[in-house]
Amino acid sequence: MVERYDAIVCGGSFGGLAAAHQIGGRVLIIDRLAIGDGETSASAVPLACLENMDMSDCIDQVHEHMYIHTRHHVQRLTFFPFCTFNYRAFCEELFSRTGADYVQARITRARAGRVETTAGIFEAPIVIDSAGWRTAAGKGAERSARSPRKSFGIESRQSFRGEGLHFYVGPSRGPRRFYWAFPAGDHVRAGLATYSGHSDLSADLDTFCSELSLGSPGPIHGGFFTSRLTDPVRDGMFLVGDSAGMCLPVSGEGIRPALVFGQVAGRLADRVRAGEMRLDEALSSYRAFVNSRAKGYRLLERLQTVLNVLPDPLFATFAQLVSSRRALAYAVRGYWNVASPDLLTAVRTPEPLPVTAVPA
Ligand SMILES: Cc1cc2nc3c(=O)[nH]c(=O)nc-3n(C[C@H](O)[C@H](O)[C@H](O)COP(=O)(O)OP(=O)(O)OC[C@H]3O[C@@H](n4cnc5c(N)ncnc54)[C@H](O)[C@@H]3O)c2cc1C
């Protein structure tokens, strides 16, 4: 039997939950994992994201500063505050606010109007693909002209107390590694990533943890994240978060864009549900909104390419230059606007979105 809904959201993590939260009526979220079980990240975001969504209860620790460690230099950067937060608490709280139904199943194919899963077939006029870098589309699906650029990262958690978000730039020979240590209350999230998608990183994580005197890594999680914007509309569906390559290049920050673009897609979808807009109009508005941020993504992508091959001493010089007050103010304004937390809200809002282009 085919079950029918007003909207189906494929994937119940950041992008999916943010979208579902903005849609009224009968909404179904499908995920292969229980809500809150699928953490892949270090769960660090600009503090404003959680504040604007009224999710401050999920915060583990607030960070006023960021530190870039190169071999002989540590550069402190101070711009907007970040926080580390509890992924499970965040997902469970946001899910409870959606009022949506949930089915635990693997999606085998999704396209406009219809989602096939291991638990049956579901239909809805609106489908949102927020299933992460693999996408929910499945075999035989229409592909975007631009394939996503995949980075890969892993991390683990150890007991530790400290402050600030710390990034460490690894040697530039071979696939460059970017390491991090993000304190989160009673523990630190220590991990590393490669922009090249090189995934054989466990030995490097061991070495990194022992260099920081953290002991052996505990359980490890991670995976790919996609930082090249693709077409956010495919096969009649809204694509949100990593499924549309929305993770920001350079920083690998993918939670903020998944939340922001998720809420944008959800609000447009809700107008379709309410009969205020046709689906094709909503999809075009969404594409226009995402494309209005494409310039910022392209700039960051170019910077990522350069940083990936920059010799270590030049990396230190780059960090120093960026930290000068004027350069930082300029860079931060652009970086913020690519996926502005100002667009996030704590309530389902009937207000039409500022879908006209805002320069990145
Ligand atoms: C090691 C590491 C650390 C990171 N740290 C940070 C960080 O600190 N801050 C930050 O902003 N970003 C970070 N990122 C990037 C960030 O994790 C992603 O960009 C973000 O999770 C994207 O959110 P999403 O909702 O698009 O996808 P995801 O979070 O990947 O969610 C996709 C959901 O879809 C479900 N799903 C997938 N396929 C199917 C299927 N076939 N059927 C049913 N369900 C399916 C999954 O179970 C999952 O729940 C990190 C990434 C890694 C790998």
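Parameters at a glance
- Residues numbered from 1 in each chain as written.
- Predicted model: local features only at pLDDT ≥ 70, side-chain atom pairs only at ≥ 80, totals over all residues.
- Heavy atoms only, no water.
- 1 Å grid on protein atoms, 1.4 Å probe; cavity = no way out; pocket = protein on both sides within 12 Å on 5 of 7 lines; lining within 4 Å.
- Points joined across faces, edges and corners; volume = space filled by probe spheres on them.
- Nonpolar A, V, L, I, M, F, W, Y, C, P; charged D, E, K, R; others polar.
- Near = heavy atom within 4 Å.
- Polar contact = N/O pair within 3.5 Å; in protein donor to acceptor, adjacent residues only side chain to side chain.
- Areas by Shrake-Rupley, 256 points an atom, 1.4 Å probe, with all protein chains shown as cover.
- Helix = DSSP H or I, 4+ residues; strand = E, 2+ residues; numbered from the N terminus.
- Domains from an automatic or database assignment.
- Contact = heavy atoms within 4.5 Å.
- Buried area = accessible area lost by both parts, 1.4 Å probe.
- Salt bridge = Lys/Arg side-chain N within 4 Å of Asp/Glu carboxyl O.
- Buried < 20%, exposed > 50% of the residue type's maximum accessible area, 1.4 Å probe, protein only.

(A) Geometry of empty space enclosed by the protein. Considering all chains together, one arrives at 1 cavity of 30 Å³ or more under this definition. Lining the largest cavity are Glu64, His65, Met66, Leu77, Phe79, Phe80, Phe82 and Leu165. Of the residues assigned to the lining of the largest cavity, the class counts are 6 nonpolar, 1 polar and 1 charged.

(B) Examining the site of the ligand more closely. Close to the ligand lie 33 residues; Ser13, Asp31, Ala44, Ile107 and Asp242 are nearest. Arg32 places a polar main-chain atom, nitrogen or oxygen, 3.0 Å from a nitrogen atom of the ligand. Contacts to the ligand include Ile107, whose backbone N or O atom sits 2.8 Å from a nitrogen atom. In the complex, the protein chains occlude 93% of the 1,000 Å² of accessible area that the ligand would expose alone. The set of elements that each furnish at least two residues to the shell around the ligand consists of helix 1 (14–21), strand 14 (150–159), strand 16 (177–184), strand 18 (221–226) and helix 5 (255–273). Across the shell around the ligand, the residue classes tally to 15 nonpolar, 13 polar and 5 charged. When residues are assigned to domains, the shell around the ligand turns out to be shared by domain 1 (3–148 + 226–343) and domain 2 (154–225), each giving three or more.

(C) The domain arrangement of the chain, seen in detail. What the domain assignment reports for the chain is domain 1 (3–148 + 226–343) and domain 2 (154–225). Distance between the C-alpha centres of domain 1 and domain 2: 22 Å. Across the contact, 33 residues belong to domain 1 and 26 residues belong to domain 2. Where domain 1 abuts domain 2, roughly 2,500 Å² becomes buried across the two surfaces, and 54% of that area is made up of carbon and sulfur atoms. Summed over the shared surface of domain 1 and domain 2, the number is 2 salt bridges. Across the pair Glu39 and Arg157 runs a salt bridge, and its minimum N-O distance is 3.0 Å. The tally of links from domain 1 across to domain 2 stands at 23 residue pairs in polar contact (both at pLDDT 80 or more). Taken together, the elements giving at least two residues each to the side of domain 1 that touches domain 2 come down to strand 5 (59–63), strand 6 (66–70), strand 8 (82–85), helix 7 (294–309) and helix 8 (312–322). Looking at the side of domain 1 that touches domain 2 element by element, the count peaks at 5 residues for strand 6.

(D) Structural context of the environment of Glu301. As for its position among the elements, Glu301 is in helix 7. The class for Glu301 is buried, based on a relative accessible area of 8%. Expressed as a C-alpha distance, the spacing of Glu301 and Val347, which sit 46 residues apart in the sequence, is 33 Å.

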